Amino acid sequence: MIIKGKISKIRPLEIGDSKILVEYLNNEEVKEYLSLVFPINNFLEEEWIKRNAISHNNLTFAIEADNKIIGTVGFKDIDWIARSAEYGIAIYTPEYWNKGIGTEVTQLMLKYGFEYLNLNRIWLRVFENNPRAQRVYEKCGFIQEGRERQGRYYKGHYWDVIRMSILAEEYWRIMSEY
């Protein structure tokens, strides 16, 4: 499935994408906003792509803009009974930050999650040192529901992890306003 927006598109990850993703994932500027702290090599990234491709509880896509991969997005730990999933997005290329792509991709994934997968709740974790991402999520309808105090350690500093979610009824209410 390929989902197209005005400035980006989302498509399934392929094994061949691993080389570019490894470069991005080992970039110090990007790592500040990711849960990853260990170096990643091509073997590990290929195995991660393969595991996600055969999982029914994880859906991971490549984000493309200007015909190149600039990030990844997906749902993980999908609970098909509670109809809930954790959302994650990373735009690895700083020159594509602050261009509206994160907002567009998040809106596309909410549409996919609520309208195609019939999810009831989509939730996420965002680090307190990433206010740009927090604004994107709030703009898309996510509501802060909790805070894991000092839940993340990075470069000598503990940061809170903010939990946010959006329910299907909230999504449909927002969609009816357009």
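Described below are features of the structure shown in this document. Bear in mind that the values here come from a model prediction, so they are computed numbers and not experimental data. Per chain, the residues get numbers from 1 upward, laid out in the order the sequence is written. In keeping with the predicted nature of the model, local features appear solely for residues at pLDDT of at least 70, side-chain atom pairs appear and are counted solely at 80 or more, and the whole-chain, interface and lining totals rest on all residues. Heavy atoms throughout the structure, all of them, feed into the side-chain values; hydrogens and water do not.

Another point: the overall build of the chain. Of the regular secondary structure elements, the chain holds 6 helices and 8 strands. Put simply, the chain runs from its N terminus to its C terminus through helices and strands in the order β-β-α-α-α-β-β-β-α-β-α-β-β-α. Computed over the C-alpha atoms, the radius of gyration of the chain is 16 Å, within 12% of the 16 Å expected from 2.2 N^0.38 for a compact globule of 178 residues. Taking the principal axes of its C-alpha atoms as reference, the chain extends roughly 45 × 40 × 35 Å. Evaluated residue by residue, the chain yields a buried proportion of 47% over its 178 residues. Across the chain, the fraction of contacts at a sequence separation of at least 24, relative to all contacts at a separation of at least 6, is 59%. Numbering goes from the N terminus for both helices and strands, where a helix is a DSSP run of H or I of at least four residues and a strand is a run of E of at least two. Note that the radius of gyration is over C-alpha atoms, with the globule rule given as 2.2 Å times the number of residues to the power 0.38. Working definition: with a 1.4 Å probe on protein chains only, accessible area under 20% of the residue-type maximum means buried, over 50% means exposed, and in between means partly exposed. Residues count as neighbours in contact if any of their non-hydrogen atoms are within 4.5 Å of one another.

In the sections that follow, a salt bridge refers to a side-chain nitrogen of Lys or Arg positioned within 4 Å of a carboxyl oxygen of Asp or Glu. With the rule as written, the count across this model stands at 10 salt bridges. Where lysine 50 meets glutamate 47, a salt bridge forms, and the shortest distance between an N and an O atom there is 3.5 Å. One end of the pair, lysine 50, and the other, glutamate 47, are both in helix 3 (residues 42-54), 3 residues apart, so they sit about a helical turn from each other. Residue classification places glutamate 47 among the partly exposed residues on the basis of a relative accessible area of 26%.

Right, let's get into the pairing of strand 3 (residues 59-65). When you tally the buried positions in strand 3, you get 6 out of 7 residues, the bulk of the element. Two strands are said to pair when DSSP picks up at least two bridges between them. Relative to strand 3, strand 2 (residues 9-12) is paired through 4 bridges, and the arrangement is antiparallel. Counterpart to proline 12 in the pairing with strand 3 is phenylalanine 61. As paired strands, strand 3 and strand 4 (residues 68-79) are joined by 7 bridges and run antiparallel to one another. Paired with alanine 65 across the bridge in strand 4 is lysine 68. Hairpin connection from strand 3 to strand 4: 2 residues lie between these consecutive antiparallel strands, with aspartate 66 at a positive phi of about 55°.

Read from one edge to the other, the open sheet built from 8 strands follows the order 1-2-3-4-5-6-8-7, with strand pairing classed as mixed. Bordering the open sheet on either side are strand 1 (3-4) and strand 7 (143-154), each of which pairs with just one other strand. Helix 4 (residues 101-116) contacts strand 1, strand 2, strand 3, strand 4, strand 5 (84-91), strand 6 (121-127) and strand 8 (157-167) of the sheet and is inclined by roughly 155° relative to strand 5. Only the contacting stretch of a helix is used when fitting its axis, a line to C-alpha atoms as for every element, and angles between N-to-C directions run 0 to 180 degrees.

Looking now at the packing of aromatic side chains. Pairing of aromatic rings covers Phe, Tyr and the six-membered ring of Trp, with a centre-to-centre limit of 6.5 Å; geometry is then stacked below 30 degrees between planes, edge-to-face above 60, and tilted otherwise. Following the criterion strictly, the structure yields 10 aromatic pairs and no others. Where tyrosine 87 meets phenylalanine 142, the ring centres are 6.3 Å apart and the plane angle is 25°; that geometry is what we call stacked. In this pair, tyrosine 87 is assigned in strand 5 and phenylalanine 142 in the loop between helix 5 (131-139) and strand 7, connecting sequence segments 55 residues apart. On the basis of relative accessibility, which here comes to 4%, the residue tyrosine 87 falls in the buried class. Exposure remark for phenylalanine 142: the relative accessible area of 3% places this residue in the buried category. An aromatic cluster is defined as three or more aromatic residues linked by ring pairs; in this entry it consists of Phe75, Tyr87, Tyr137 and Phe142. To sit over a ring, a charge needs its Lys NZ or Arg CZ within 6 Å of the ring centre and within 35 degrees of the ring normal. Stacked on the ring of tryptophan 97, the Lys or Arg arginine 132 has its end atom at 4.4 Å from the ring centre.

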